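Secondary and tertiary structure notes
Spelled out, the chains give:
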Amino acid sequence: MARQLRTPQPLHQHQRRKEGAFGESWQRRTFLENRGVPDAEAAVYAHRKSCEQKQADLRSRQGYANNNLAGATYLQSLAAEMQATATMCDVRSRELNAELDSMKKELRELQAQQ
């Protein structure tokens, strides 16, 4: 007769080994509180400032356009570049904010466990 192998059953809440004082969830919560969330907030702020600076630089270049066909073409290219820059900044901003929101949510969940 063939022996049947029993698959291990998941441990119930009261059967799980209790995490020590400095276990994984404590380490993760401490990291998120001290580095994760503050660093993510700083990245969002730095990116916003960088985008504002890029747009200001492009706007300042508009003053160099001459009042002729070449100047009009130059203004059109600057406008297209400003639009492309704004789109790239928006995409990256959304990514950084999603990452920040995810970290904040995880931190709230870890804090609620205690």
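Our structure's up above, just so we're on the same page.
What counts, and at which threshold
- Residues numbered from 1 in each chain as written.
- Predicted model: local features only at pLDDT ≥ 70, side-chain atom pairs only at ≥ 80, totals over all residues.
- Heavy atoms only, no water.
- Helix = DSSP H or I, 4+ residues; strand = E, 2+ residues; numbered from the N terminus.
- Buried < 20%, exposed > 50% of the residue type's maximum accessible area, 1.4 Å probe, protein only.
- Contact = heavy atoms within 4.5 Å.
- Areas by Shrake-Rupley, 256 points an atom, 1.4 Å probe, with all protein chains shown as cover.
- Salt bridge = Lys/Arg side-chain N within 4 Å of Asp/Glu carboxyl O.

Our next topic: the overall build of the protein chain. A count of helical and extended segments in the protein chain gives 2 helices and 0 strands. The proportion of buried residues among the 114 residues of the protein chain is 19%. Of the contacts made within the protein chain by residues no fewer than 6 positions apart, 71% connect residues no fewer than 24 positions apart. Roughly 9500 Å² of accessible area belongs to the protein chain as shown, and the carbon and sulfur atoms make up 52% of that amount.

Further remarks concern the pattern of salt bridges. In total, this model carries 9 salt bridges according to the counting rule given. The partner of Arg29 in a salt bridge is Glu33, with the nearest N and O atoms 3.2 Å apart. Placement of both Arg29 and Glu33 in helix 1 (residues 24–61) is noted, with a separation of 4 residues, approximately one turn of the helix. Lys49 is paired through a salt bridge with Glu52; the nearest N and O atoms lie 3.6 Å apart. In this pair, Lys49 and Glu52 are both assigned in helix 1, 3 residues apart and thus about one turn of the helix distant.

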